[in-house]
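Now for the letters of each chain:
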Amino acid sequence: MNNHPPNFNTLFRPGTLSVQPYSPGKPIEEVQRELGLEDIIKLASNEDPEGPRPEVIAAIQQAALEINRYPDGSCYTLTQKLAHHLGVEPESILLGNGSNELLNMIVRALISPGENMVFARPSFVVYDLAASLHFECGRPVPLDEQDRHDLVAMAAAVDEKTKLMMICNPNNPTGTYCSAQAVKTLLDSVPRRVIVVLDEAYFEYAFAEDYPDGLQFLAHYPNVVVARTFSKIHALAGVRVGYAVGHPDLIKQFQKTREPFNVNTLAQAGAIAALALPDAVAQRARRNRTEGKWLAEALLGLGFSVVPSQANFLFARHALPAGELCARLLKLGVIIRPMSAFGLGDGAVRITIGLPEENRRCIAALEEILGH
Ligand SMILES: Cc1ncc(COP(=O)(O)O)c(C=O)c1O
């Protein structure tokens, strides 16, 4: 018997073979192992740099005593609290293992072969990934010259086969945003049969006066779904919980596509506790804004061009190739993200806005590299 493996590649759908796997920011432990460095800071995955408040940790610890049991599959308490917090009906809420899972669920629930999804590029890479894995349904539209969504071009890309549009607001990786008026104009120009997802993972960090709360559109545009997360400003990326809000008739269908128990016990407990601490959110948003301003100015001083950001990260370009810049920073114990994974040319990096001391250390390392 020939026990050579067959050519497994012939078994897979072309969409699977063509996927570029999601490449996350390097974990701190990996860099410690590879470079033998002790003292490392990670400014690469847009996490909030502060740990959760003690009340949240205590709630998770308490919940840990029950993890021999399955979680509450309906997420009853979290749904009720979130509905109250957002001023929406519980039936409008869908919970996921991070908003990442929700985005995938929405794509899979809606799109049949031959249909398409419009999104910006570069934007959150998961849209590209979800599209590749699902009938190669992606219809990417380039950002405009100022690294913003080109909503006019996105509306023009809609055809009779378009089921879904993703708008990342603020956009990851550029930090740019779409104003309330721009979103409204877009919603007025796409047919109601196109579901428009407003991905607001960084909602709480945004401070521009004309940045919209996506929930305001739900009353007039039943085709809007707002996706948010506890991973960023609520500092719960490690337990994975996100939510989507939309018309109950839509949410009812999406609910069917959830894996049983998709939101784990610790995530539910952490999210419930985090919702009770609005002052933590306000404080982190303030810190992020102050530090973002400092970091942007320091980067400008080092010869970077920096895109104005409404999120907890900065998108910056430098004449030095990004791969080299990031590798040299890594040797100094600072992890940032080269933008090649987002299909961007060399020179572009994304830096998460950290704690004051982390931002200063990042700039000091860059000064060393750039000879300032
Ligand atoms: C724009 C955007 N949407 C969604 C997510 C997914 O977040 P999570 O799955 O942690 O909720 C991220 C994470 O980086 C993001 O940047």
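Residues numbered from 1 in each chain as written. Predicted model: local features only at pLDDT ≥ 70, side-chain atom pairs only at ≥ 80, totals over all residues.

## Some details on the overall build of the protein chain
Working step 1: When its secondary structure is counted, the protein chain shows 13 helices and 13 strands.
Working step 2: By the compact-globule yardstick of 21 Å for 372 residues, the protein chain fits well, its C-alpha radius of gyration being 21 Å.
Working step 3: Dimensions along the principal axes, computed over C-alpha positions, put the protein chain at roughly 65 × 60 × 45 Å.
Working step 4: Relative to its 372 residues, the protein chain shows a buried fraction of 44%.
Working step 5: Long-range contacts, defined here as pairs at least 24 residues apart, represent 74% of the contacts in the protein chain between residues at least 6 apart. (Helix = DSSP H or I, 4+ residues; strand = E, 2+ residues; numbered from the N terminus. Rg over C-alpha atoms; globule rule 2.2 N^0.38 Å. Buried ≥ 20, exposed ≤ 12 C-beta atoms within 10 Å, placed from the backbone. Contact = placed C-beta atoms within 7 Å.)

## Topic: the sheet that holds strand E6 (residues 195-199)
Working step 1: What the 7 strands build is an open sheet, ordered E2-E8-E7-E6-E5-E3-E4; its pairing is mixed. In this open sheet, the two strands that pair with only one neighbour each are strand E2 (93-96) and strand E4 (138-142). Here the average twist between neighbouring strands, direction ignored, is 20°.
Working step 2: Direction of pairing for E6 relative to strand E7 (residues 224-229): parallel, over a ladder of 4 bridges. By the bridge assignment, Val 197 is partnered in E7 with Val 225.
Working step 3: Against the sheet, helix H4 (residues 76-86) makes contact with E2 and strand E8 (242-245), and its axis sits at roughly 125° relative to E2, the strand it touches most. (Pairing = 2+ DSSP bridges. Axes fitted to C-alpha atoms, helices over the stretch in contact; angles between N-to-C directions.)

## Things to note about the domain arrangement of the protein chain
Working step 1: The domain architecture assigned to the protein chain consists of domain 1 (22-51 + 279-370) and domain 2 (54-277).
Working step 2: Of note, the centres of domain 1 and domain 2, computed from C-alpha atoms alone, are 25 Å apart.
Working step 3: Contacts between domain 1 and domain 2 engage 27 residues on the former and 25 residues on the latter.
Working step 4: Contributions of two or more residues to the side of domain 1 that touches domain 2 are made by helix H11 (278-301) and strand E10 (313-317).
Working step 5: A per-element tally of the side of domain 1 that touches domain 2 places H11 first, with 7 residues.
Working step 6: A breakdown of the residues in the side of domain 1 that touches domain 2 according to their chemical character gives 13 nonpolar, 7 polar and 7 charged. (Domains from an automatic or database assignment. Nonpolar A, V, L, I, M, F, W, Y, C, P; charged D, E, K, R; others polar.)

## Concerning the nonpolar core
Working step 1: In terms of nonpolar packing, the biggest core is built from 101 residues, with Met 117, Met 165, Val 197 and Leu 314 touching the most fellow members.
Working step 2: Per-element accounting of this core gives the leading share, 6 residues, to helix H10 (residues 265-275).
Working step 3: Domain assignment of the residues forming this core places at least three in each of domain 1 (22-51 + 279-370) and domain 2 (54-277).
Working step 4: The residues contacting Leu 314, other than those within four sequence positions of it, are Gly 175, Gly 292, Leu 295, Ala 296, Leu 299, Val 306, Ser 309, Ile 351 and Ile 353. (Core = buried A, V, L, I, M, F, W, Y, C linked by C-beta atoms within 7 Å.)

## Quick word on the site of the ligand
Working step 1: What surrounds the ligand is a group of 13 residues, the closest being Gly 98, Asn 100, Ala 201, Thr 229 and Ser 231.
Working step 2: Taken together, the residues of the shell around the ligand sort by class into 4 nonpolar, 8 polar and 1 charged. (Near = placed C-beta within 6 Å.)

## Concerning helix H12 (residues 322-331)
Working step 1: When we look at burial in H12, the residues that qualify are Ala 322, Leu 325, Cys 326 and Leu 329. Taken end-on, H12 shows its buried residues confined to a sector of 95°, consistent with a single buried face. What points out from H12, more than 90 degrees from its buried face, is the exposed set Glu 324, Ala 327 and Lys 331.
Working step 2: On the buried face of H12, the contacting elements are strand E11 (334-335), strand E12 (337-338), strand E13 (348-352) and helix H13 (356-370).
Working step 3: Positioned one or two residues after H12, Gly 333 has a phi angle of 85°, which is positive. (Arc of directions from axis to C-beta.)

## Some details on the sheet that holds E10
Working step 1: With antiparallel pairing, 4 strands are arranged side by side in an open sheet as E9-E10-E13-E12. In the strand order of this sheet, the two ends are held by strand E9 (305-307) and E12, each with one partner.
Working step 2: Direction of pairing for E12 relative to E13: antiparallel, over a ladder of 2 bridges. The residue bridging Arg 337 from the neighbouring strand is Arg 350, located in E13.
Working step 3: Set on the sheet, H11 makes contact with E9, E10 and E13; between it and E10 the angle comes to about 10°.

## Notes on unusual backbone geometry
Working step 1: A cis amide bond links Arg 121 to the next residue, Pro 122, at an omega of 0°.
Working step 2: Checked against the element boundaries, Pro 122 lands in the loop between strand E3 (116-121) and helix H6 (125-133).
Working step 3: The omega torsion of the bond from Asn 169 to Pro 170 falls at 0°, within 30 degrees of zero and hence cis.
Working step 4: Checked against the element boundaries, Pro 170 lands in the loop between strand E5 (162-168) and helix H8 (180-189).
Working step 5: Of note, the phi angle at Phe 261 is positive, near 60°, even though the residue is not glycine.
Working step 6: One can find Phe 261 in the loop between helix H9 (248-255) and H10.
Working step 7: Judged by C-beta crowding, with 14 C-beta atoms within 10 Å, Phe 261 ranks as partly exposed.

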